[in-house]
Each structure stands twice: as structure tokens, then as C-alpha cells.
Amino acid sequence: MLINIFPDNDELHRAVSKEIIQLVKTKPDSVLGLSTGSSPVDTYALLVDDYKKNKTDYSSIVTFNLDEYVGLDAHHDQSYRHFMNFHLFNHLNIPADQTHVPLGTGDLDNNCQEYEALIQEAGGIDLQLLGIGTNGHIGFNEPGTSFESRTHVAPLLKDTIEANSRFFETSEEVPTKAVTMGIKTIMEARKIILLAYGSHKAAAVRDMVNGEVSEDLPASILQKHEHVALFLDEEAASLLQ
Ligand SMILES: N[C@@H]1[C@@H](O)[C@H](O)[C@@H](COP(=O)(O)O)O[C@@H]1O
């Protein structure tokens, strides 16, 4: 694992956005795996800034997002599809049909199979962006998820549901399941960048890097990937040995 530690978040997001922009420029038909949550928001803002200033070309880029809540369609303002359109896709010259976010409505098992097939048809993911949950989840692969998993419907754990509840008006609205790329799907990406900042991520980051590789901490599998780069701030890195 390549570990980059930054004194401030601005530098961290600049470094991550540079990696993405460089890939888009050197391989204009790259397949990008993207993530949601608060972690990548400022990175996406920098990609949008760069696009406005430098007209970096996304017309042949294909994207696959990690996950989507079950029950929320693209029109719901808390759906990950809405998040991605709002923060990134609407501001770049990427054709909408080249952006993929798992579908959290309709025939879910079928959606999962189709998503895997689409990733394969696109030639696999060149660069997967990840965040990490405080319990070590990646995508919505909670502790206990099989390392052999592919895109599937995942129940969310109580802590994750509680953490997400701040985004919803009533507790009944908070999704309890998600469609997520599996661990195996994520591990097949040719390169992975994981972004984490803040002291609340420090224990998960420590266990991911220094702990045993175990399904109890999904992100620990990244120790087995040949091209992983962590982009951390000093707080998230503070418990590393
Ligand atoms: N499914 C997402 C993950 O992909 C994300 O990495 C994680 C961390 O979120 P945040 O970046 O807001 O800390 O939250 C959610 O559970």
C-alpha cells in the first residue's frame, strides 16, 4: 500500500484530483470507479474546476459508481445517482449513458447481474475511488461480507443506518439496504485510491493497514491489492504503526 499523508484537506483533494485528471488525459477512454459520501465531494469540485479552466475531455470516459440505496430512484435528492449528477456529471462533458450507478429500484437481483456484466463489457475498472466507513466498510460492504462477493443487495448495519439518518427528515425514510459492488468487484479494479480524513476514520484506517486481513474489516482486503494508494490527512493517519 502506498500511503500519502497530507497536512491539510485542500492538498489531499488536489493530489487525488490530479491523479484522476492525469489518467483521463493519458487514457481518454478510461473506466473510472467512483464513490459517494462526503469524502470525495471536494475532489469532484476540483475536477469540475479543472474542466471549466482546462476543458479536460470526458467525452469517452465511462464511470461506474460503487453503490446506491435500495428504494431511492434518481429523482430522490438523497440517491447516489442524484449526488453524482449534482456534484460531478452535470458539470462535465460526459454523456449521461456512459455514467453508471447501480439501480436501487425494480428487479434488484437482475440489476446486480447487469451491473457486473456492464463492468466486464467496459473492460473492467482502471481506477476505483473509495472512501471508508468508520467500521471499515467499502462501498456498502459491511463487516462480515464475503471477500468473494460481487454486486449484490446488502443489508446496512445499525451504525451505518444511524450515520445516514442525518440526511433524511424521518427515520422511516432512511434506507436499510443498498445495492453495492462486491469486494471481488472492487478488487478487480486495476488501481485503487482510498481517501480518508478526520480522527473518526483513524481506527478503521489503522485496522485496514496494520490489522489482519479479515472479512470482519472489509477494507483490510486492500492489503492484497497490488496498486492501492491511500490519501489520508494526519488525523486519519494518526493511529498507523
Ligand atoms: N457507501 C458509502 C461509502 O462508499 C463511503 O465511503 C462511506 C464513508 O462516507 P463519508 O465519506 O461520508 O465518510 O459512506 C457510505 O457508507
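Bear in mind the structure is a predicted one, so any value in this text is a computation, not a measurement.

Reading guide: rules and limits
- Residues numbered from 1 in each chain as written.
- Predicted model: local features only at pLDDT ≥ 70, side-chain atom pairs only at ≥ 80, totals over all residues.
- Heavy atoms only, no water.
- Phe/Tyr/Trp six-rings, centres within 6.5 Å; stacked < 30°, edge-to-face > 60°.
- Buried < 20%, exposed > 50% of the residue type's maximum accessible area, 1.4 Å probe, protein only.
- Patch = residues over 30% accessible without salt bridge, like charges linked within 9 Å, V, L, I, M, F, W, Y side chains within 5 Å.
- Areas by Shrake-Rupley, 256 points an atom, 1.4 Å probe, with all protein chains shown as cover.
- Salt bridge = Lys/Arg side-chain N within 4 Å of Asp/Glu carboxyl O.
- Lys, Arg positive; Asp, Glu negative; His and termini not counted.
- Charge placed at Lys NZ, Arg CZ, Asp CG, Glu CD.
- Helix = DSSP H or I, 4+ residues; strand = E, 2+ residues; numbered from the N terminus.
- Pairing = 2+ DSSP bridges.
- Axes fitted to C-alpha atoms, helices over the stretch in contact; angles between N-to-C directions.
- Expected span 1.5 Å × (residues − 1).
- Contact = heavy atoms within 4.5 Å.
- Polar contact = N/O pair within 3.5 Å; in protein donor to acceptor, adjacent residues only side chain to side chain.
- Core = buried A, V, L, I, M, F, W, Y, C linked by side-chain atoms within 4.5 Å.

(A) A look at the packing of aromatic side chains. Per the stated rule, a full pass over the model turns up seven aromatic pairs. When the ring of tyrosine 51 is compared with that of tyrosine 58, the centres are 6.4 Å apart and the planes differ by 70°; the resulting orientation is edge-to-face. For the pair tyrosine 51 and tyrosine 58, one class covers both residues: buried. With a centroid separation of 6.2 Å and an interplanar angle of 80°, the aromatic rings of tyrosine 69 and phenylalanine 168 are classed as edge-to-face.

(B) Focus on a negative patch on the surface. A cluster of acidic residues, Asp8, Glu11, Glu234 and Glu235, forms a negative patch on the protein surface. With respect to the helices and strands, the residue glutamate 234 is situated in the segment after strand 10 (228–233).

(C) Just the sheet that holds strand 7 (residues 152–155), in detail. Pairing is antiparallel across the open sheet formed by three strands, whose spatial order is 4-8-7. Each edge of the open sheet is held by one strand with a lone partner, namely strand 4 (67–69) and strand 7. Put simply, the sheet's adjacent strands are angled 30° from each other on average, direction ignored. In this structure, strand 4 lies alongside strand 8 (residues 177–180), joined through three bridges in antiparallel fashion. Across the sheet, residue glutamate 68 finds its bridge partner in strand 8, namely valine 179.

(D) Region of interest: helix 1 (residues 9–26). With 18 residues, helix 1 should reach 26 Å at 1.5 Å per residue; the first-to-last C-alpha distance of 26 Å fits that figure. Among all positions of helix 1, only Leu12, His13, Ala15, Val16, Ser17, Ile20, Ile21, Leu23 and Val24 are buried. Check the buried side of helix 1 and you find it contacts strand 1 (2–6), strand 2 (31–34), helix 2 (41–54), strand 6 (127–130), strand 9 (191–196) and strand 10. Taking the backbone nitrogen of aspartate 10 as reference, a side-chain oxygen 3.0 Å away marks aspartate 8 as the first, capping residue of helix 1.

(E) Seen up close, the nonpolar core. Formed by 38 residues in total, the largest nonpolar core has its most connected members in Tyr58 and Leu88. Counting residues per element, the ones that place at least two in this core are helix 1, strand 2, helix 2, helix 3 (80–87), strand 6, strand 9 and strand 10. Here this core takes seven residues from helix 1, the largest share from any one element. With residues up to four places along the chain from it excluded, the contact list for leucine 88 reads Leu34, Tyr44, Leu47, Val48 and Phe83. Formed by 32 residues, the second largest nonpolar core is a distinct cluster that contains Val62, Phe64, Ile183 and Met187.

(F) Representation of the sheet that holds strand 3 (residues 62–65) within the structure. Taken together, seven strands build an open sheet; the order of strands is 1-10-9-6-2-3-5 and the sheet is parallel. Only two strands of the sheet have a single partner each, and these edge strands are strand 1 and strand 5 (99–100). With four bridges connecting them, strand 2 and strand 3 associate as parallel partners. Paired with valine 31 across the bridge in strand 3 is valine 62. The strands touched by helix 4 (residues 108–121) are strand 3 and strand 5; relative to strand 3, the strand with the most contacts, the crossing angle is about 145°.

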